[in-house]
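Understanding the architecture of this molecule
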Amino acid sequence: MNHAARNYAIVTAAYWGFTLTDGALRMLVLLHFYKLGYSPFALAFLFLLYEAAGVLANLIGGWLATRYGITRMLTVGLVTQITGFTLLSLLDPGWTAVMSVAWVVLAQGICGVAKDLTKTASKSAIKVTQAQAKEQGSGQLFKWVAWFTGSKNAMKGVGFFLGGLLLEAFGLRVSLWCMAGLLALVLLGVLSSLPAMMGKSQASKSAKELFAKSAGINALAAARVVLFGARDVWFVVGVPVFLYSQGWTFTMVGGFLAAWTIGYGMVQALAPQLVRRSTDGLSAEVPAARLWSALLALVPIGIAVAVYAQVPHLEWVVVGGLGVFGFAFAVNSSVHSYLILAYAGSEKAAEDVGFYYAANALGRFMGTLMSGLLYQWGGLLYVLAGSATMLAICWLLTLQLPMTKQADVPLDHPRTAP
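Basis of the calculations
- One numbering rule holds for all chains: residues counted from 1, following each sequence as written.
- This being a predicted model, a pLDDT of at least 70 is required before a residue's local features are given, and a value of 80 or more before pairs of side-chain atoms are given or counted; all residues contribute to the totals for chains, interfaces and linings.
- Here the side-chain values reflect all heavy atoms present in the structure, with hydrogen atoms and water set aside.
- What counts as a helix is a DSSP run of H or I of at least four residues, what counts as a strand is a run of E of at least two, and both are numbered from the N terminus.
- To sort residues, take the accessible area from a 1.4 Å probe on protein chains only and compare it with the maximum for the residue type: under 20% means buried, over 50% means exposed, and anything in between is partly exposed.
- Should any heavy atoms of two residues lie within 4.5 Å, those residues are counted as being in contact.
- Patch construction takes residues with relative accessible area above 30% that form no salt bridge. Like charges are linked within 9 Å, and nonpolar side chains (Val, Leu, Ile, Met, Phe, Trp, Tyr) are linked within 5 Å.
- Only the protein chains shown count as cover for residues, and the accessible areas themselves come from Shrake-Rupley with a 1.4 Å probe.
- Salt bridges are defined by distance alone: a side-chain nitrogen of Lys or Arg within 4 Å of a carboxyl oxygen of Asp or Glu.
- How sure the predictor is of each residue is captured by pLDDT, a score from 0 to 100.
- Distance and chemistry together define a polar contact, namely a pair of N or O atoms within 3.5 Å, with one atom able to donate a hydrogen and the other to accept it when in protein, and with adjacent residues in sequence counting only for side-chain atoms on both sides.

A look at the overall build of the chain
Along the chain, the regular secondary structure elements total 13 helices and zero strands. From first element to last, N terminus to C terminus, the chain shows the α and β order α-α-α-α-α-α-α-α-α-α-α-α-α. By the burial criterion, 59% of the 418 residues in the chain qualify as buried. A separation of at least 24 residues holds for 88% of the contacts in the chain among residues at least 6 apart in sequence.

Encoded structure:
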């Protein structure tokens with residue numbers, strides 16, 4: 001295994017460990033507090049600071065990773081997550097509802113910072129290692145991005161199942177301690193395996209320089225906001241609460257969301273085989289982003305019609321519809337994840353990726369907020385309508401993606417798939 005591939009494998013494995021605990025955390029918090037009688041909006045509120053913190057964490061994290069190195073920021077992200085788990089485990093059942101919510105929101109905010117620091121560092125590492133591999137004649141950008149993203153989301157699905165299982169078996173506190181211990185082992189692996197200065201470069205010297213992104217990055221970031229808002233507007237609160245209200249147990253809900261996310265991750269990993277490739281890295285991939293955005297928008301519309309008509313066996317119609325949605329969403333997400341690294345410059349890749357994933361975090365924040373509000377106002381029908389609206393906007397934004405790259409932006413030049 002060459003040096004670049006080794007670093008890519010280590011970063012991927014580290015992010016797997018992080019994502020496993022992050023997925024488990026979402027199920028732990030959501031199901032624990034739903035069992036205590038919290039409303040859909042209150043449940044969404046618990047995650048708002050988690051998502052909002054990610055916007056700033058991505059922007060700053062990208063700049064810090066460029067200035068101080070990717071390995072250091074990956075370390076900071078892991079330590080921050082362990083801190084968030086520890087604080088959340090100190091939650092006292094005897095506290096008032098207001099105090100409990102405030103404490104959980106604070107701990108979730110810390111975990112939100114951890115997630116996006118870790119994500120930005122990990123995704124930036126792919127660009128850096130790909131550039132190293134390219135010098136050795138093995139450019140693999142789309143394949144590496146797709147495998148990283150897909151396997152990460154499959155691990156997140158396992159985390160959903162793990163969260164439901166741990167909550168039912170051990171309760172909230174012991175589960176959090178177990179996950180903190182796992183991350184401590186991951187942290188030791190990162191510190192002992194990765195070059196300390198990996199990805200270190202000359203960072204932007206002003207806010208104006210930091211935000212001066214190309215037209216491609218700006219359009220893609222805007223599309224990412226509504227793409228992930230469209231997922232989370234019905235996935236964060238609507239689907240778990242709907243299934244639990246239909247008589248599903250915690251383990252059943254966590255197991256289904258785990259299976260969905262694992263399947264979603266597998267499709268992401270296979271995206272290079274599903275999307276026609278081009279020698280310039282954009283002329284086939286950009287039209288693919290437009291096509292899959294349009295197809296995805298049709299899915300929540302169809303499910304919403306079924307919900308409005310109250311068709312028989314509605315819960316299974318929703319489950320099947322979510323499967324179709326997951327397939328189309330996975331291809332969209334994988335193509336977008338490739339395009340950001342294709343548009344990004346190699347010298348400040350971490351800053352470009354951080355800007356893009358700040359948009360990702362903003363979309364999750366909007367989706368989480370609207371998920372609670374819309375579900376409380378009109379149930380599953382309203383959150384599906386919100387998803388369809390956001391996806392229509394996403395498709396319009398993909399029409400603004402440029403078909404050519406800047407001359408100074410190096411791209412992976414893949415072979416055209418058969």
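Structure shown, so let's carry the discussion forward.
Regarding a nonpolar patch on the surface
A cluster of nonpolar residues, Leu-291, Leu-295, Leu-298, Ile-301 and Val-305, forms a patch on the protein surface that exposes about 460 Å² of accessible area. Looking at where Val-305 falls in the secondary structure, it is placed in helix α11 (residues 285-309).

Thoughts on the confidence of the model for the chain
Detailed reading of the predicted coordinates is not advisable wherever pLDDT falls low. Averaged over all residues, the pLDDT of the chain equals 81, while 84% of them reach at least 70. Confidence, read as mean pLDDT per element, is least for helix α7 (residues 207-211) in the chain (53) and greatest for α11 (94). Residue range residues 135-139 is modelled with pLDDT below 50. Its contacts to residues more than four positions away, or to other chains, number seven contacts. Low confidence marks residues 407-418, where pLDDT is under 50. Its contacts with residues over four positions away, or in another chain, come to 36 contacts.

A short note on the environment of Ala-52
Within the secondary structure layout, Ala-52 lies in helix α2 (residues 40-68). Sequence separation between Ala-52 and Val-113 is 61 residues, and the spatial gap between their C-alpha atoms is 8.8 Å.

Re unusual backbone geometry
Not every positive phi belongs to a glycine, and Gln-310 is a case in point at roughly 50°. Counting through the fold element by element, Gln-310 comes out in the loop between α11 and α12 (314-343).

Section: the side chain of Arg-26
Its place among the elements puts Arg-26 in helix α1 (residues 3-35). If sequence neighbours within four positions are ignored, Arg-26 has contacts with Phe-47, Tyr-50, Glu-51, Phe-160 and Val-236.

Observations concerning the environment of Ser-293
By the element assignment, Ser-293 lies in helix α11. The class of Ser-293 is buried, set by a relative accessible area of 1%. When the C-alpha atoms of Ser-293 and Phe-329 are compared, they prove to be 8.1 Å apart, with 36 residues separating the residues in sequence. Excluding residues within four positions of it along the chain, Ser-293 makes contact with Asn-332, His-336, Leu-391, Cys-394, Trp-395 and Thr-398. For Ser-293, the side chain forms a polar contact with the side chain of Asn-332, separated by 3.1 Å.

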